[in-house]
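Spelled out from the first residue to the last, the chains are:
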Protein chains: 4
Amino acid sequence: MASKTFFAVIAGVGPGTGRSVALKFAKTYPVALLARKPESYADIVAEINQSGGHAIGIPTDTADAASVTSAFDKIRAEYPDKRLAAAVYNVGAGFAVKPFLDLVPSELSAALSNATGLFNFAQATLPGLLESAEAGAAAPHPPTLVITGATASLRGAPRFATFAAGKFAVRALAQSLAREFHPRGVHVAHVIVDGVIDIPRTKGWEANGGAEDGKISADAIADSYWYLHTQHRSSFTQELDLRPYVEKF
Amino acid sequence: MASKTFFAVIAGVGPGTGRSVALKFAKTYPVALLARKPESYADIVAEINQSGGHAIGIPTDTADAASVTSAFDKIRAEYPDKRLAAAVYNVGAGFAVKPFLDLVPSELSAALSNATGLFNFAQATLPGLLESAEAGAAAPHPPTLVITGATASLRGAPRFATFAAGKFAVRALAQSLAREFHPRGVHVAHVIVDGVIDIPRTKGWEANGGAEDGKISADAIADSYWYLHTQHRSSFTQELDLRPYVEKF
Amino acid sequence: MASKTFFAVIAGVGPGTGRSVALKFAKTYPVALLARKPESYADIVAEINQSGGHAIGIPTDTADAASVTSAFDKIRAEYPDKRLAAAVYNVGAGFAVKPFLDLVPSELSAALSNATGLFNFAQATLPGLLESAEAGAAAPHPPTLVITGATASLRGAPRFATFAAGKFAVRALAQSLAREFHPRGVHVAHVIVDGVIDIPRTKGWEANGGAEDGKISADAIADSYWYLHTQHRSSFTQELDLRPYVEKF
Amino acid sequence: MASKTFFAVIAGVGPGTGRSVALKFAKTYPVALLARKPESYADIVAEINQSGGHAIGIPTDTADAASVTSAFDKIRAEYPDKRLAAAVYNVGAGFAVKPFLDLVPSELSAALSNATGLFNFAQATLPGLLESAEAGAAAPHPPTLVITGATASLRGAPRFATFAAGKFAVRALAQSLAREFHPRGVHVAHVIVDGVIDIPRTKGWEANGGAEDGKISADAIADSYWYLHTQHRSSFTQELDLRPYVEKF
């Protein structure tokens, strides 16, 4: 089966969206899961391996180019004969919600490092994705890079200045990469997640007045990422928004 | 099976996208197909009915409110006990590609009637979609209105002034409807089709230098419309772009 | 003086923005003022003529091509030797603020006729603006078409579906005209007026919690229109937003 | 005269736009000019002082918070009794035009530092601008922060990935600051400069086929910045595009 000779890599794996995306892609591909701390992916790696899939986890700081290089050396050692089918960048941005004059420069740096992380991750994955594109029909789907965005990718807001700066920069990279690599057969999609995601960390948060399904299902996000991966190359989606039916926008 | 008690309606059915969308939705629902001329849908109705699905065709000018009312009277007579699961507005816009000073007022009217058609179609379908939303879990998927847009939905261009006017107006309606009806459980999605669609009428057209898959597959568009219909209500997509990997944008 | 051999035409003149724009442009040019009803411009024509300027008023329905043709015949008869320096389209759109299912087709038509009006006005003024552009340095400023937009030009909203449809369509025309006529030397600018304008009709409206300067000064709008007209052709602005400092956006 | 008790500060002063902006604002205010190297502003400081204005220059690296703090200490020492009327951020971004896989991380950092520079400059100037806003009618115009953007502020492009990342991030900050500080009376405007500017460095560049006025006049940019500064607080412009009449967009 084609999928045995391909793998996927997911950066920014934790108990929320990353977990759902990992489980979704692991149904078809072996998956390499990256997070800064092993405790973020350890359970998920175990869950996938116990249920008949194949997963590895590698502690990686995507904002650090050397850490990314080292992670991909390990991935290549683990999967010497596999090609890269899909890469997902789901790394969270530094998130300091404050009046502008209360922010400090390190909070801007933390937010901008979300773009640095994508830069490093894209440099590490695009060569493999291009190789898979050149392999053509052998790949089960067009090789894909999916990137997680947010409301703040499109809109600066009071108290969200630094977060928006990081997310706008990520979107700029995503758009530039799509325009450069689509013609070479690699699908680059940016997803605007506009709402609170229903994950352990947001359990207590009230979103949309507590309406049923008022927070975004992480599994539903994973479904959309997988759908993007399966799109025919004659009809790539570059940007997608996802929001609860009750969300104001 | 839930799908037996639901149906879909598709306006703007012809040998291209409309046909692919009709065949796709007919796998799950009985479908009512609308087009100005019966010859636009006759073969497709036959094809669906012969292959075990159920389809009816009704000659309808969506730009004419009375014609739309009459069509939905016929649909209700045909499906007295079924609820509306999905409505697709795929009607083509008047398309006069000329320098602005060569255009005549009737060419603007023809283009704007694309918005009038959506207005009439939305007024005819939203009450049924709302009923299905209130029926809640009985519906197989959140009730959905999908609307076909184009490059010109986002961008005015020389020689495309009237076409863009119509398509911008359609997008305004789509966005307004999403903001009004999402909270009531009806999914309204607008799809920017950015490229030449690979249909009989465009056979001879050269798109993207004649590259393989350089025109958008109508079946791939239908897949995306269906995917939108199946999205969980916690993560609706309001707008999606679709373009060939080789398309400049 | 160059300005004696040029004139300006302003459509949509009434006691608010139109009046301020008329007075502003009348400081430099003779002005032809158009409105459906003479009572909309009569006082302004008198005010300009009494204070040493020159103005004429012509009852015109911009949504009716024949009415526009007739108005420009009168203008040419009045100003046989003058060239057109600037044209301002400030016509109000049909404005029915209701839930979508309460709207009737004529309310959509009324809204879309805002685009029809611009179409007719642009067809009547662009030939003269092009002539002035070809006259080159003789014109005091690059010939200009300024178009009034609104919040709804960029954003569909519940209860504003038809209004947004008209305003999106106007923006599509504005953008298409800019892309076609900028290279020929005619400046086409679209202004997003985002807020309540401080005019007689809105006297009683509370905007922005009644804050001082919480409504847009019509004279300030006129200043911006004039500024756009004076821009050097190496740096045309195509789109501008104008909103009160206290407006949420 | 009010203007004697106010001053302006301009960051990113060199022989192009910065010079034109400095000369323009110096007609009304004493100006503090910042650039990394004194040779960038020395001639301009002299020119202003010799022609009856008042200017000082301070070597400053806006991307370095300590350098900015030190510069504003000097400014306060120089102008102990003056209030800040206007601040202009015109600092150039790191500009590496290459295929994505040829870029190195330091080229991304250089581009992102354009946002860091704005962050530092805004933190240093907003307290003074707020003070001037509170002073109300004493200020000749609403206190203003003008920020230079580019085509790449709105659009990622192949070979421009890092430049776009920096410029998107700057726009995110500008928009967030506008939404936070407009209601407090400080005008924050972002200017999309879409085209080649006609400055010494671009003398040999062919833009728009060498058309007359095919490059943007730096003086025309300065006129627009000044116009933005003079806007009434009931009608602030948050974003403006500027491009040559012959520019494709």
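Computed from a prediction, not measured in an experiment: that's the story for all the values here.

A. Quick peek at the packing of helix 1 (residues 17-26) of chain D against helix 6 (residues 218-230) of chain D. All names here are of chain D. Packing of helix 1 against helix 6 brings their axes to within 8 Å, and their N-to-C directions diverge by 45 degrees. Relative to helix 6, the element helix 1 is oriented oblique. Considering only the axes of helix 1 and helix 6, their crossing is right-handed. Seen from helix 1, the contacting residues are Thr-17, Ser-20, Val-21, Lys-24 and Phe-25; seen from helix 6, they are Ala-218, Asp-219, Ile-221, Ala-222, Asp-223, Tyr-225, Trp-226 and His-229. Here the contact of helix 1 with helix 6 is composed, by residue class, of 7 nonpolar, 3 polar and 3 charged.

B. How the structure looks around the interface of chain C and chain D. The interface is formed by 31 residues belonging to chain C together with 31 residues belonging to chain D. Sorting the residues of chain C by area buried against chain D places Arg-233, Tyr-245 and Phe-249 of chain C first, and these three jointly supply 27% of that buried surface. Across the contact surface, chain C and chain D share 4 salt bridges. A salt bridge links Arg-233 of chain D to Glu-212 of chain C; the shortest N-O distance between them is 3.5 Å. Summed over the shared surface of chain C and chain D, the result is 22 residue pairs in polar contact (both at pLDDT 80 or more).

C. Here's a closer look at helix 6 (residues 218-230) of chain C. All names here are of chain C. Taking 1.5 Å of rise per residue, 13 residues should cover 18 Å, and helix 6 covers 19 Å from first to last C-alpha, within 8% of that figure. The element helix 6 is extensively covered by neighbouring structure, given that 10 of its 13 residues are classed as buried. Within the span of helix 6, buried status applies to Ala-218, Ala-220, Ile-221, Ala-222, Ser-224, Tyr-225, Trp-226, Tyr-227, Leu-228 and His-229. The opening residue of helix 6, the one whose side-chain oxygen lies 3.2 Å from the backbone nitrogen of Asp-219, is Ser-217.

D. Representation of the pattern of salt bridges within the structure. Summed over all chains, the structure comprises 40 salt bridges over all chains. Linking Arg-243 of chain B and Asp-241 of chain B is a salt bridge whose minimum nitrogen-to-oxygen distance equals 2.8 Å. An identical accessibility class is assigned to Arg-243 of chain B and Asp-241 of chain B; each is buried. With a closest N to O distance of 2.6 Å, Lys-98 of chain C and Glu-107 of chain C form a salt bridge. Judged by relative accessible area, Lys-98 of chain C falls into the partly exposed class, the value being 27%. For Glu-107 of chain C, a relative accessible area of 17% puts it in the buried group. Each of Asp-194, Asp-241 and Arg-243 of chain A takes part in one network of salt bridges that share partners.

E. Local environment of the relation of the copies chain C and chain D. With an RMSD of 0.0 Å, the fit of chain C onto chain D corresponds to turning through 180 degrees and sliding 0.0 Å along the axis. Taken together, these values place the two copies in the relation of a two-fold axis. Residues of chain C ranked by C-alpha distance from the rotation axis are headed by Leu-240 of chain C, positioned 2.7 Å from it. A symmetric contact is evident, with 100% of the interface residues of chain C recurring at the interface of chain D.

Rules and cut-offs
Residues numbered from 1 in each chain as written. Chains lettered and ligands numbered in written order. Predicted model: local features only at pLDDT ≥ 70, side-chain atom pairs only at ≥ 80, totals over all residues. Heavy atoms only, no water. Axes fitted to C-alpha atoms, helices over the stretch in contact; angles between N-to-C directions. Helix = DSSP H or I, 4+ residues; strand = E, 2+ residues; numbered from the N terminus. Parallel < 35°, antiparallel > 145°, perpendicular 65-115°, else oblique. Left-handed = near helix turned anticlockwise from the far one by under 90°. Contact = heavy atoms within 4.5 Å. Nonpolar A, V, L, I, M, F, W, Y, C, P; charged D, E, K, R; others polar. Buried area = accessible area lost by both parts, 1.4 Å probe. Salt bridge = Lys/Arg side-chain N within 4 Å of Asp/Glu carboxyl O. Polar contact = N/O pair within 3.5 Å; in protein donor to acceptor, adjacent residues only side chain to side chain. Expected span 1.5 Å × (residues − 1). Buried < 20%, exposed > 50% of the residue type's maximum accessible area, 1.4 Å probe, protein only. Least-squares fit on C-alpha atoms with pLDDT ≥ 70 in both.

Any functional reading would require information that these geometric values do not contain.
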